[in-house]
Structure formats: C-alpha cells, structure tokens
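# Fold and geometry: a report
Here's the letter readout for the chains.
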Amino acid sequence: MSLNGTSSGGVFTTEMRMSGSKGAELIAWSTTGTSSSDSITTQGGIGSDTVVTLALSKPDGRLDTVTQMDSSVSIVGDGMSISVSMGYDGTDTWDMSGSLSENGDTAASIEAHLHEQWVSVASWVYEYGPLGDIGPLYMYANASIPSISDFSDMWEVHYFQTSDFIETANATWHMDTSVGEYSLAASSYTMEKDDGGEWRYTSSVNVTVDHIDTSAAPTPAPPMLSRKTVEGSFRATVAASEAQAFVSNADVEASFVASIAQRAGVPESMVQVTLSVVSSGGRRLSSGEVEILVTYAITAEVGASDDAGVISDTAFDSMVDTLASTSAEDFVVDFASELEATGSASSFSAVVAVPGSATAPMVTETSEKMSGAQAAFPQALLLAAICMLMV
C-alpha cells in the first residue's frame with residue numbers, strides 16, 4: 001500500500017493505492033481539498049467515475065464542542081447522485097435533508113427537523129426515476145416530544161399520499177393532574193380517486209374524549225426534588241512537621257466542616273471536607289511550611305417542599321453566591337475560630353491562608369426521575385388511538 005499527501009496554503013491532496021501480492025492494483029483513492037480556520041472541503045475519486053465530496057463549516061472553528069455547524073456529503077457516479085446535508089443552529093434545532101437523483105432529475109428526497117420539543121419528517125418519491133414504481137408518493141409526520149417532567153400536552157400529525165390514495169390522522173392530548181382532568185381528540189380520513197379521476201372520501205372518523213374527576217380533590221403530587229452538590233477548594237499553609245498530623249486530625253476536619261456549614265447556612269450533615277498535603281512538585285515554600293488543600297462538598301435536596309432537610313432553589317443559589325464571594329482568608333479565619341474551642345488547638349502552630357487560592361464553586365445536579373413505564377404511558381395511549389383510527 002502506498003500513501004502520499006501534500007498540504008500548502010490551505011490546499012491539500014492525498015493519494016492512496018493498494019496492490020495485491022503480484023502487483024495488480026486493488027483499490028485507488030485520491031482526494032483534493034481546502035481548509036481554513038472554520039471550514040474544510042474535500043473531494044475524492046473512487047474508481048473511474050465516482051466522486052465523493054465532503055464539506056464541514058463551523059463558525060467557531062472548534063471540533064471539541066457541539067455548536068453551530070453545517071455539513072454535507074455527496075456521491076456522484078454513473079449518472080446517479082446522492083446528497084445528504086445536516087445542520088445545527090447552535091441552540092435547539094437540527095436540520096437534515098437528502099436527495100437521490102438520476103441524470104439530473106430528482107427521484108426522491110427527504111427533510112427532517114429535530115427540536116427539543118418536536119420532530120418533523122417529510123419525504124417525496126417522484127413518478128419518474130429509479131424509484132418510479134412506487135411513486136409518486138408523499139409522506140409527512142410531525143409530533144411533539146414529551147419531556148420526563150412534563151407530558152401534559154402532546155400532539156401528533158401524519159399525512160400520506162400516493163397517486164390515487166390519501167390518508168391522514170392527527171391527535172392531541174391534554175392532562176391536568178391537579179384537577180383530575182384529561183382530554184383526547186383524534187381525527188382521521190381517507191380518500192381515493194374514482195374512475196373519473198375525482199377525489200372521493202372513503203372514510204372519516206372523529207373521536208373526542210373528555211374526563212373531569214368529580215370526586216374529592218386529588219392529593220397534590222409531591223413536588224419534584226433534585227439533589228444538588230456544590231464543590232470548591234482553597235489552600236492554607238502549616239508547619240511541614242505538623243502537616244500529616246494536621247490532615248488526619250479529627251478536630252481539624254470537624255472544625256472545617258462546622259465553619260463551612262455555618263458560613264453556608266446549612267446543617268453540618270450536608271458538608272464533607274477532604275484534606276490533603278500538596279505534593280512537593282507544587283508551590284515551593286520557605287520557613288519549613290507546606291500547603292494543605294482543603295476541598296469541600298455540600299450536598300442538599302432542593303425543591304419546593306417544606307420537608308426537613310429540603311431547601312429552596314433560591315436558598316441554594318444564595319448559598320452558592322456566598323461561597324463564591326468567600327476568600328481563602330475568610331475560610332481560614334472561620335476555621336481557626338472553631339478549632340480554638342477544641343482540645344487540639346494547642347497541637348498546631350498558626351494556619352495561614354494562601355491568598356487567591358479559593359476556587360469558584362461548581363454545581364452538579366441529579367433530578368429524581370419517573371420510571372420509563374410512567375413516561376411512556378401517555379405517548380403509548382396517543383399512538384394506540386391513531387392506530388385504531390387507521391384500521
């Protein structure tokens with residue numbers, strides 16, 4: 001196998017050849033292309049008459065993030081052409097399109113759009129071309145995408161048409177658990193062309209189901225809670241001879257826990273602290289001192305609930321703001337005040353904060369999720385209704 005390539009001024013070429021044991025060429029592939037800070041285009045030949053073109057455009061020029069982008073692939077050979085393109089607007093919508101052509105005439109095409117709340121697909125097969133036996137044909141589908149936390153309103157529409165047949169159906173679903181109310185509306189019709197070429201209705205169905213619970217008011221569903229953890233760190237210096245004893249002392253750890261909990265305004269049971277001696281490869285200190293890394297993590301149940309141990313989103317955000325504005329010096333002063341009241345206060349010399357060492361607090365969240373069966377039931381009900389209308 002041989003592989004050659006050149007690149008200069010944003011223009012590149014590659015050539016690959018693979019031969020058998022007797023020197024006969026098995027496969028050959030060559031490409032040419034251009035590249036810049038925010039795009040790349042390459043074109044290569046396979047065999048004698050097939051050309052593949054690839055293109056990618058990304059305004060920010062980064063390949064390690066999912067941001068706004070456009071890409072395309074085309075294959076042309078022997079009178080046939082296949083092209084596929086895909087784009088992302090950088091916020092919440094993906095777009096995709098594709099087509100199949102023969103001798104310049106489009107035989108089939110498809111378009112799809114994926115949004116965080118809905119999805120749509122449209123496809124065409126034209127009467128003439130390599131797929132002419134099944135054309136003309138048009139299909140369109142559009143449906144909402146329910147979230148795990150909210151499936152109170154959903155809808156679905158589809159439309160199918162051939163040269164002599166049309167079928168369409170749509171359905172909507174609404175549910176309000178706070179008042180025990182739900183409603184389902186579905187409609188469908190079919191049409192066919194008669195011998196004279198006129199469209200005639202062959203079936204039509206409309207169904208509406210409304211339900212309001214007239215019994216005692218239902219018990220409100222428990223609020224959705226999430227578990228949030230805020231983490232941060234800071235550094236302090238201690239005498240090198242005391243470092244190991246300092247990080248393993250229970251009073252020292254408890255004093256850091258108590259002081260951080262008091263400043264954050266949460267119970268000590270929510271706070272975890274990890275102490276470690278910074279390796280010698282880090283900051284070099286004089287006067288026989290070493291640095292201690294203090295890492296804290298505060299975990300809380302957050303949501304609109306009066307249950308013990310649950311704090312509101314506003315209170316959690318306020319706590320994060322407090323920690324973000326607390327310097328390493330403030331943390332160490334709080335710690336020293338707590339340690340002074342313990343029996344270990346006289347065992348250690350002064351603890352001094354490393355200025356500017358406090359890191360910005362980072363928040364992670366884990367939401368309580370419903371089971372897959374609970375999330376799938378409303379969509380299954382909606383699809384079942386549509387299937388009944390199509391039978």
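For every chain, the first residue of its written sequence is number 1, and the numbers climb from 1 along that sequence. Residues qualify for local features only when their pLDDT is at least 70, as the model is predicted, and side-chain atom pairs are given and counted only at 80 or more; totals for whole chains, interfaces and linings, by contrast, use all residues. For the side-chain quantities, the full set of heavy atoms in the structure was used; hydrogens and water were omitted.

### Digging into the overall build of the protein chain
In terms of regular secondary structure, the protein chain is built from five helices and 21 strands. Each residue is placed in one exposure class: buried if its accessible area under a 1.4 Å probe, protein chains only, is under 20% of its type's maximum, exposed if it is over 50%, and partly exposed if it falls in between. Across the 391 residues in the protein chain, those meeting the buried criterion constitute 30%. Considering only intrachain contacts with a sequence separation of at least 6, the fraction spanning at least 24 residues in the protein chain is 43%. Total accessible area computed for the protein chain in this model is approximately 23,200 Å², and 55% of it derives from carbon and sulfur atoms. Counting from the N terminus, the helices are DSSP H or I runs at least four residues long and the strands are E runs at least two residues long. Contact between two residues is taken to exist if any of their heavy atoms lie within 4.5 Å; hydrogens are not considered. Exposure was quantified through the Shrake-Rupley algorithm and a 1.4 Å probe, taking into account, for residues, occlusion by the shown protein chains and nothing else.

### Details of the pairing of strand β14 (residues 181–193)
Across twelve bridges, the pairing between strand β13 (residues 165–176) and β14 is antiparallel. Across the sheet, the residue bridging to T172 is A185, located in β14. Pairing between strands is defined by DSSP: at least two bridges between the two strands are required. Inspection of the sheet shows β14 paired to strand β15 (residues 199–212) by 13 bridges, in the antiparallel sense. Residue pairing in the sheet places E181 in a bridge with I212 of β15. The turn joining β14 and β15, which pair antiparallel and follow one another in sequence, is formed by five residues; a positive phi near 85° is taken by G197.

### Examining the environment of G180
Mapping G180 onto the fold places it in the loop between β13 and β14. Sequence spacing of G180 and D213 is 33 residues, and the spatial spacing of their C-alpha atoms is 4.9 Å.

### Considering helix α4 (residues 328–339)
With twelve residues, α4 should cover 16 Å at 1.5 Å per step; its first-to-last C-alpha distance of 16 Å lies within 8% of that length. Along α4, the residues classified as buried are A328, F331, V332, F335 and L339. Within α4, the buried residues cover an arc of 95° as seen down the axis, which keeps them to one side. Exposed positions of α4 whose direction lies more than 90 degrees from the buried face are V333 and S337. By this rule, a helix spans an expected 1.5 Å times one less than how many residues it contains. Arc, as used here, means the arc of the directions from the helix axis to the C-beta atoms.

### Description of the confidence of the model for the protein chain
Every residue carries a pLDDT, the predictor's confidence in it, which falls somewhere between 0 and 100. Mean pLDDT over the protein chain stands at 80; residues scoring 70 or higher make up 80%. Low pLDDT, under 50, characterises residues 369–378; the predicted model gives this stretch eight contacts beyond four residues in sequence or across chains.

### Examining the environment of S226
Position of S226 relative to the elements: it lies in strand β16 (residues 226–239). On a C-alpha basis, the gap between S226 and E301 in space is 5.8 Å, while along the polypeptide they are 75 residues apart. Identification of polar contacts relies on pairs of N or O atoms within 3.5 Å, with a donor-acceptor requirement for protein atoms, meaning one able to donate a hydrogen and the other able to accept it, and with residues adjacent in sequence counted only if both atoms are side-chain atoms. Polar contacts involving the side chain of S226 include one to the side chain of E365, which spans 3.3 Å.

### A short note on the packing of aromatic side chains
Each Phe, Tyr or Trp ring, with Trp reduced to its six-membered ring, pairs with another whose centre is within 6.5 Å; inter-plane angles below 30 degrees give stacked pairs, above 60 give edge-to-face pairs, and intermediate values give tilted ones. Under the definition given, this model contains nine aromatic pairs. Consider the rings of Y88 and W94, whose centres lie 4.4 Å apart with planes at 20°: the pair is stacked. The partly exposed category is assigned to W94, whose relative accessible area is 29%. Note on F246 and F335: the rings are 6.0 Å apart at their centroids and 75° apart in plane angle, and the pair reads as edge-to-face. Highlighted residues: F246 in helix α1 (residues 243–248) and F335 in helix α4, separated in sequence by 89 residues. One exposure class covers both F246 and F335, and it is buried. Grouping aromatic residues by their ring pairs yields a cluster made of F234, F246, F256, Y296, F331, F335 and F348.

### With respect to helix α3 (residues 313–324)
With twelve residues, α3 should cover 16 Å at 1.5 Å per step; its first-to-last C-alpha distance of 16 Å lies within 8% of that length. Taken together, the buried positions of α3 are F316, M319, V320 and L323. Taken around the axis of α3, the buried residues stretch over an arc of 100°, which confines them to a single face. Every exposed residue of α3 that faces more than 90 degrees away from the buried side is listed here: T314 and D321.

### Regarding a nonpolar patch on the surface
Taken together, L54, V73, I75, I82, V84, M86, M96 and I110 make up a surface patch of nonpolar side chains, about 590 Å² in accessible area. Of all the elements in the fold, those that place two or more residues in the nonpolar patch are β6 (69–77) and β7 (80–88). Considering each element in turn, the nonpolar patch owes the most residues, three residues, to β7. Within the secondary structure, I110 is located in strand β9 (residues 105–115). Take I110: its relative accessible area is 31%, and that puts it in the partly exposed class. A patch consists of residues whose relative accessible area exceeds 30% and which take part in no salt bridge; residues with like charges are grouped when within 9 Å of each other, and nonpolar side chains (Val, Leu, Ile, Met, Phe, Trp, Tyr) when within 5 Å. In the sections that follow, a salt bridge refers to a side-chain nitrogen of Lys or Arg positioned within 4 Å of a carboxyl oxygen of Asp or Glu.

### Quick notes on the nonpolar core
Residues belong to a common nonpolar core when they are buried Ala, Val, Leu, Ile, Met, Phe, Trp, Tyr or Cys residues joined through side-chain atoms within 4.5 Å. F234, F246, F256, V273 and I298 are the most contacted members of the largest nonpolar core, which totals 37 residues. In this structure, F246 is in contact with V238, V252, F256, L275, I292, F335, F348 and V351, ignoring residues within four places of it in sequence.

### Brief notes about the pattern of salt bridges
Here the structure, examined in full by the defined rule, presents six salt bridges. In this structure, K228 and D313 form a salt bridge, with 3.2 Å as the shortest nitrogen-oxygen distance. Placement of the pair is K228 in strand β16 and D313 in helix α3, with a sequence separation of 85 residues. Given the relative accessible area of 37%, D313 is considered partly exposed.

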